[in-house]
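Listed below are the residues making up each chain.
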Amino acid sequence: MKTFTGIPASAGLAIGKAFVYHYDETPDIPRYNITEDETAAEWERLQKAVAQAEAEVRSLHERACREMSREQADIFQTHLMMLEDIDFLDQIRDRLEKNLQNIEWVVSDLTREVSQKLMASPDPVFRERAVDIADVSSRVINSLLHVARSRFSLAGLEEDVILAAHDLMPSEALVMDKSHVKGLVMDMGSRTSHTAILARAFNIPAVLGLSVISREVKDGQTLMLNGSSGIVVVDPNRETLVREKTGEKKYRRRTDRLAALRDLPAETKDGRRVTLKANIEFPEEAERALDYGAEGIGLYRSEFLYMMPRKAAEEEVQYEAYSRVLKAMGKLPVTIRTVDIGGDKVIPELLTVSEKNPLLGWRAIRFSLAHPDLFKLQLRAILRSGVHGNVRIMFPMISGVEEMEQALALLDEARRECKKKKQPFAGTIEAGAMIEIPSAAMTADILAEKSDFFSLGTNDLVQYSLAVDRGNEKVNYLSEFRHPAVLRFLKRTIDAAHEKGIKAAICGELAGDPSATAILVGLGLDELSMTASSIPPVKQIIRGLSFEDCKVLAGKALQARSIAEVRAVMETDSQ
Ligand code: PEP
Ligand code: MG
């Protein structure tokens with residue numbers, strides 16, 4: 001038995017057989033010259049690799065027909081057709097004979113050229129084709145290189161497993177067969193990384209940032225993970241299993257007890273009311289949010305819609321998804337965040353450039369403003385969905401007032417377009433700025449003049465103010481909301497909002513952290529938006545607090561000079 005401690009990222013206990021996922025997205029492709037005599041042997045190798053790829057795709061297709069949507073099954077059908085495409089195979093053969101280079105290099109070189117041409121097309125169908133070609137070709141190359149697993153093995157899991165990986169991109173987490181993934185452990189990642197956010201949305205217990213787990217555990221070994229404590233045990237003994245299962249039962253009983261708070265207000269003993277809302281990534285989560293007593297959706301991360309296979313940016317698909325959430329929420333407000341692509345949320349169909357520093361790169365509002373047609377398509381879908389309920393809109397990663405003004409101008413254009421097309425839409429909707437870059441927090445007073453509300457994205461605000469990559473477990477220890485700089489950014493933003501008469505919310509993971517509740521209430525936040533299951537415990541804490549005491553606590557914390565001093569202030573307060 002071996003025990004590891006990582007970052008608790010999604011609550012719950014999971015016990016099962018490990019499936020170790022090794023996926024090297026960019027295996028090094030060897031490049032060497034061959035002689036004319038060797039071309040026949042290289043061609044033979046390719047034939048075998050294509051046959052193997054065909055067998056893999058055929059079995060995935062059969063499975064998809066049984067268990068997945070028609071759309072997903074069609075993807076594999078397209079891949080099969082590509083593997084049998086005589087023209088493409090002829091081009092490979094020509095190049096092999098002309099260039100006299102090893103076959104994996106020829107395939108990868110030709111694929112890159114074809115993909116780049118397709119990617120440059122304004123037509124999304126062609127861009128999607130580029131992704132398919134890259135996928136098929138990587139399957140063939142992997143088989144030439146004997147790389148055992150590929151990305152789709154996660155969609156093709158045959159039995160229940162605990163997934164152990166070095167890292168998992170959110171797009172990979174999306175395609176995995178959720179019904180078979182009972183738990184997730186990873187070397188990389190933190191509580192605020194997007195894979196953690198997805199694990200919570202899927203209700204899959206997860207422990208991240210374990211550094212070495214993907215090397216320490218072998219396929220088929222028994223793994224136990226506790227997503228609340230961050231403990232992971234390989235081959236647990238009976239005593240450990242009994243202890244963890246008892247703990248889990250207690251946790252469930254407490255959760256059931258808290259469900260009784262559902263219809264009670266989140267109000268301090270001296271009458272300060274705080275609005276508690278839920279963050280969602282998928283429309284289906286809206287109903288669950290209501291079960292936990294959410295008073296609205298404070299953050300709908302719309303980019304996950306774009307990440308679903310084949311959903312790319314169709315106005316009607318978006319309109320349907322947003323409408324579904326609005327209908328489910330009735331009169332309660334739903335804040336849809338415009339697409340936050342980039343960073344770790346790469347969408348190959350849309351983001352074709354590779355960047356050295358993606359977290360400082362072409363993400364979120366920057367991407368949307370650079371693609372006004374795509375952006376307005378989303379804005380129209382949101383405006384139109386507004387007829388079904390109380391919709392609000394917010395823009396991610398605003399760095400200054402120019403971006404806010406440009407986004408609002410495009411929102412106006414989108415309104416005019418709806419009018420011209422005679423499509424019903426919500427005439428007046430609130431538009432807010434996400435405050436997640438230090439420059440936005442510093443100029444919150446200016447931004448408040450252009451915003452109907454603020455929502456603090458503390459995952460990114462902490463990342464950018466402390467220069468700590470939120471997905472990198474090595475620097476996770478530096479990711480601290482108790483840093484005086486972060487507290488000052490929060491205070492400055494909240495005060496600027498209140499001076500202009502608008503509300504300030506937090507929609508980063510900090511909102512659902514019970515250890516932060518008192519200080520956040522004391523800083524004057526009007527709204528906290530979090531993973532739905534965190535609402536009941538946070539509400540219970542708020543109902544036990546005094547607003548006056550919270551203000552004193554926040555005042556003392558703001559005077560503190562270091563993380564340690566803030567910690568000490570908070571600890572003294574909770575005694
Ligand atoms: C944040 O940065 O706090 C936030 C809510 O947005 P995301 O986690 O999607 O970047
Ligand atoms: Mg963010």
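Residues numbered from 1 in each chain as written. Chains lettered and ligands numbered in written order. Predicted model: local features only at pLDDT ≥ 70, side-chain atom pairs only at ≥ 80, totals over all residues. Heavy atoms only, no water.

Undergrad: Which parts of the structure should I look at to understand the overall build of the protein?
TA: Each helix and strand in the protein was counted, giving 23 helices and 16 strands. Relative to the compact-globule value of 25 Å for 575 residues, the protein shows a C-alpha radius of gyration of 25 Å, a close match. Here the protein holds 575 residues, and 56% of them are scored as buried. When contacts within the protein are restricted to residue pairs at least 6 apart in sequence, long-range pairs at least 24 apart make up 69% of them. Total accessible area computed for the protein in this model is approximately 25200 Å², and 51% of it derives from carbon and sulfur atoms. Taking the average place of the 76 positive charges on the side chains of the protein and the average place of its 86 negative ones, the gap between the two points comes to 6 Å. (Helix = DSSP H or I, 4+ residues; strand = E, 2+ residues; numbered from the N terminus. Rg over C-alpha atoms; globule rule 2.2 N^0.38 Å. Buried < 20%, exposed > 50% of the residue type's maximum accessible area, 1.4 Å probe, protein only. Contact = heavy atoms within 4.5 Å. Areas by Shrake-Rupley, 256 points an atom, 1.4 Å probe, with all protein chains shown as cover. Lys, Arg positive; Asp, Glu negative; His and termini not counted. Charge placed at Lys NZ, Arg CZ, Asp CG, Glu CD.)

Undergrad: What am I meant to see in the packing of aromatic side chains here?
TA: Aromatic ring pairs are described here by two measures, namely the spacing of the ring centres and the angle between the planes. As enumerated under the stated definition, the model contains 5 aromatic pairs in all. Here the aromatic residues Phe202, Phe282 and Phe304 are joined through ring pairs into a cluster of three or more. Above the face of the Phe453 ring, Arg392 is positioned so that its terminal group lies 3.7 Å from the ring centre. (Phe/Tyr/Trp six-rings, centres within 6.5 Å; stacked < 30°, edge-to-face > 60°. Lys NZ or Arg CZ within 6 Å of the ring centre and 35° of its normal.)

Undergrad: Quick question: what am I supposed to make of helix H23 (residues 563–574) here?
TA: Three or four residues apart is the spacing at which side chains of an α-helix point the same way, because the helix has 3.6 residues per turn. Compared with an ideal rise of 1.5 Å per residue, which puts 12 residues at 16 Å, H23 spans 17 Å between its outermost C-alpha atoms and is within 8% of the ideal. The complete set of buried residues in H23 reads Val566, Val569 and Met570. The buried residues of H23 occupy an angular sector of 90° when projected down its axis, which confines them to one face. Opposite the buried face of H23, at more than 90 degrees from it, the exposed residues are Ala564 and Thr572. On its buried side, H23 packs onto helix H19 (484–499), helix H20 (517–523) and helix H22 (547–559). (Expected span 1.5 Å × (residues − 1). Arc of directions from axis to C-beta.)

Undergrad: I would appreciate a short explanation of the site of ligand 1 in the present structure.
TA: Ligand 1 sits among 17 residues. The nearest are Arg301, Arg337, Gly457, Asn459 and Arg470. Between an oxygen atom of ligand 1 and a side-chain N or O atom of Arg301, the distance comes to 2.7 Å. Thr458 is positioned with one of its backbone polar atoms (N or O) 3.1 Å from an oxygen atom of ligand 1. A class-by-class count of the residues in the shell around ligand 1 yields 4 nonpolar, 5 polar and 8 charged. (Near = heavy atom within 4 Å. Polar contact = N/O pair within 3.5 Å; in protein donor to acceptor, adjacent residues only side chain to side chain. Nonpolar A, V, L, I, M, F, W, Y, C, P; charged D, E, K, R; others polar.)

Undergrad: I would appreciate a short explanation of the sheet that holds strand S3 (residues 13–21) in the present structure.
TA: What holds strands together in a sheet is hydrogen bonding between their backbones, with the strands either parallel or antiparallel. Read from one edge of the open sheet, 8 strands run S1-S8-S7-S3-S4-S5-S6-S2, paired in mixed fashion. With one partner strand each, in any of the chains shown, strand S1 (2–5) and strand S2 (7–10) form the two edges of the open sheet. Ignoring which end each strand starts from, the neighbouring axes of this sheet average 30° apart. Two elements, strand S5 (residues 181–186) and strand S6 (residues 206–208), share 2 bridges in a ladder whose sense is parallel. Counted as the bridge partner of Val185 is Val207 from S6. Together, S3, strand S7 (222–226) and strand S8 (231–234) form the strand contacts of helix H9 (residues 238–258), whose direction differs from that of S3 by roughly 120°. (Pairing = 2+ DSSP bridges. Axes fitted to C-alpha atoms, helices over the stretch in contact; angles between N-to-C directions.)

Undergrad: In this structure, what is going on with the domain arrangement of the protein? I would like to understand it.
TA: Interface size is often expressed as the accessible area that is lost when the parts come together. Partitioning the protein into domains gives domain 1 (2–24 + 151–237), domain 2 (36–144) and domain 3 (266–574). Relative placement of domain 1 and domain 2: their C-alpha centres are 30 Å apart. (Domains from an automatic or database assignment.)

Undergrad: Looking at this structure, how should I read the environment of Pro8?
TA: Position of Pro8 relative to the elements: it lies in strand S2. For Pro8, a relative accessible area of 27% gives the class partly exposed. Linking Pro8 and Leu383, residues 375 residues apart in sequence, is a C-alpha distance of 38 Å. If sequence neighbours within four positions are ignored, Pro8 has contacts with Arg191, Ala206, Gly227, Ser228, Ser229 and Gly230.

Undergrad: I would appreciate a short explanation of the nonpolar core in the present structure.
TA: Within soluble globular proteins, side chains that are nonpolar tend to cluster in buried spots. Counting 94 residues, the largest nonpolar core has Phe395, Leu490, Leu520 and Leu528 as its most contacted members. Broken down by element, the residue count for this core peaks at 7 residues, all from H19. Contact partners of Phe395, with chain neighbours within four places excluded, come to Thr338, Ile365, Phe375, Leu379, Met404, Ala407, Leu408, Ala431, Gly432, Ala433 and Met434. Ranked by size, the runner-up nonpolar core spans 29 residues in total, among them Trp43, Ala49, Val106 and Leu110. (Core = buried A, V, L, I, M, F, W, Y, C linked by side-chain atoms within 4.5 Å.)

Undergrad: I keep staring at the pattern of salt bridges and nothing clicks. Help me out?
TA: Here the idea is simple: oppositely charged side chains can pair when their charged atoms come close. For the structure on display, the rule yields 39 salt bridges. The residue Asp340 makes a salt bridge to Arg337 at a minimum N-O spacing of 3.6 Å. By relative accessible area, Asp340 is classed as buried at 1%. One network of salt bridges, with partners in common, ties together Glu315, Glu316, Lys376, Arg380, Arg384, Glu413 and Glu417. (Salt bridge = Lys/Arg side-chain N within 4 Å of Asp/Glu carboxyl O.)

Undergrad: Where do I start with the pairing of S7 in this structure?
TA: Remark: a regular strand shows side chains that alternate across the two faces of the sheet. In terms of burial, S7 is largely enclosed, as 4 of its 5 residues are buried. Both S3 and S7 contribute to a ladder of 5 bridges, which runs antiparallel. Its bridge partner lying in S7, Lys17 is registered against Thr222. In the sheet, S7 pairs with S8 via 4 bridges, with the strands oriented antiparallel. Following the sheet pairing, Leu225 is matched in S8 by Val232. Linking two consecutive strands that pair antiparallel, namely S7 and S8, is a turn of 4 residues; a positive phi of about 85° is found at Gly230 within it.

Undergrad: Whenever I open this one, the coordination of the magnesium ion (ligand 2) confuses me. Can you help?
TA: For a metal with four tetrahedral donors the ideal donor-metal-donor angle is 109.5 degrees, while six octahedral donors give ideal angles of 90 or 180 degrees. The protein atoms donating to the magnesium ion (ligand 2) are Glu436 (OE) and Asp460 (OD), with metal-donor distances spanning 2.0 to 2.2 Å. Here the residue Glu436 occupies a position in the loop between strand S13 (430–435) and helix H16 (438–442), and Asp460 occupies one in helix H18 (residues 458–466), the gap between them amounting to 24 residues. Of the two residues, Glu436 and Asp460, neither departs from the other in class, the shared state being buried. (Donors = N, O, S within 2.8 Å, 3.2 Å for Na, K, Ca; no water.)

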